[in-house]
Amino acid sequence: MIVVEEDGVLLFLDILEGALASNRSPSDEEVDRILSTGFMAFMIEAYSRLLDLTRSDVASFLKNLGSEKPISTDPVKSMFEEGFRSCYDLSRIAELRRNVEQISGIDFQGAEGMALSYLPPGTDIRSTLYLTVDAFNPGMVFGGNMGRSILHPVRYPLDLSYLAHEFHHLGFGCWVSRSPDLERAFLGEETHESVAVRLVLHMISEGMANHFCTPNMVRPGPDRSPRVNEKIRRYGRDLRHMLEEAVDLLSDCVAKEAPVDRCEERLMDIVLDREKMLPKVHFMGAEIIGLLDEDPCVELSEIVDLCRRPERFLALYSGVAEKEGFPAVPEGVAELLIDIIRGLRA
């Protein structure tokens, strides 16, 4: 069941509308009220881990809305600030209110059903969908809940595949959360094991969501910008090199020869795209899941069951690597990772 939480963004828009009417920036008290909303708590918790976005950063952005110039010098954080600043206009607020109505009125059952087609029986998708003000990511999943930015209108005819993509992540997270130790590793601990486990889980989750729900997201097409199309083509040319980077990271994590903070940086380079186009893991994961899906020796049920038994990915990848000439995960590394993931699931 999906519960839509729109009260937070409506409060945000009300406060901005009042500030504009008085020709001022939001007051300290109003900023505190915005920061206390559910959608802001959701965004800050998620991005503080991924991008070091803090409550203090967001407070400074909101207090600066009435000024002519933004204050952030960080290229990623400036995206968030520009997103908030884009709302500081009465005509834009009216448009955003229409976006809220459209998003809140979506029938999510169709997208949920599409996602459940590629999830194990017994998957229970229960989540709060926070309407957010997010210029970095139109949709995201974190901690079992989902964010959908009101900065992006609903496009018609309605394409449920992108919602199904996010719902698949929620369903995958449902299985991860049944093992508290595995969930802690997935949410991000400062250990070599956590980095390795997260890479494997992201490969499965993003691979399945993209291949089964949004295959066009990882393919060039006329509806994509030239920059995005070129990046996807480059990923296709560099696939073996990117897989080699991923295998090397797994090996270094198991051996614990590289500093954990450096391993974390390498993982972030794989699972995030600071240019906001397409992370490497989306493309790599979709390619591997796609090859497994095409393999007559691999049943669809085996792929779907990776949500329950993610350690099986290493054996399935080994078969793909041998057939396609991709970099192989060393046998000793694979065995240790299988034991680590299985132990976290116990």
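An account of the accompanying structure is given in this report. This one's a predicted model, so the numbers in the text were calculated from it and none came from an experiment. (Residues numbered from 1 in each chain as written. Predicted model: local features only at pLDDT ≥ 70, side-chain atom pairs only at ≥ 80, totals over all residues. Heavy atoms only, no water.)

Bringing the side chain of D273 into the picture now. Within the secondary structure layout, D273 lies in the loop between α13 (260–271) and α14 (280–294). In terms of polar contacts, D273 uses its side chain to reach the backbone amide nitrogen of E275, at 3.0 Å. The contacts of D273, once residues within four sequence positions are left out, are F136, K231, L278 and P279. (Helix = DSSP H or I, 4+ residues; strand = E, 2+ residues; numbered from the N terminus. Polar contact = N/O pair within 3.5 Å; in protein donor to acceptor, adjacent residues only side chain to side chain. Contact = heavy atoms within 4.5 Å.)

A word on helix α2 (residues 28–35). Within α2 the residues assigned to the buried category are E30, V31, I34 and L35. Looking straight down α2, one finds its buried side chains confined to an arc of 140 degrees; they lie on one side. Each element contacted by the buried residues of α2 is listed here: α1 (7–21), α3 (38–51) and α4 (55–63). (Buried < 20%, exposed > 50% of the residue type's maximum accessible area, 1.4 Å probe, protein only. Arc of directions from axis to C-beta.)

Before going further, it helps to examine the pattern of salt bridges. Tallying each qualifying case throughout the model produces 25 salt bridges. The salt bridge involving D124 is made with R126; its shortest N-O contact spans 2.8 Å. Given a relative accessible area of 39%, D124 falls into the partly exposed group. Among the ionic pairs, K231 bridges to D273, the shortest N-O distance being 2.9 Å. Linking K231 in helix α11 (residues 226–237) with D273 in the loop between α13 and α14, this pair joins segments that are 42 residues apart in sequence. You can call D273 buried: its relative accessible area is 9%. The structure contains a network of salt bridges with shared partners spanning D14, E17 and R97. (Salt bridge = Lys/Arg side-chain N within 4 Å of Asp/Glu carboxyl O.)

We now examine the sheet that holds strand β3 (residues 139–142). Strand order in this open sheet of four strands is β1-β2-β4-β3, and the pairing throughout is mixed. Both edges of this open sheet fall to β1 (2–5) and β3, since each of them pairs with a single strand only. On average, adjacent strands in this sheet sit at an angle of 25 degrees to one another, irrespective of strand direction. Here four bridges tie β1 to strand β2 (residues 127–132), and the two strands are oriented parallel to one another. Residue pairing for β2: V3 is matched across the bridge by T128. (Pairing = 2+ DSSP bridges. Axes fitted to C-alpha atoms, helices over the stretch in contact; angles between N-to-C directions.)

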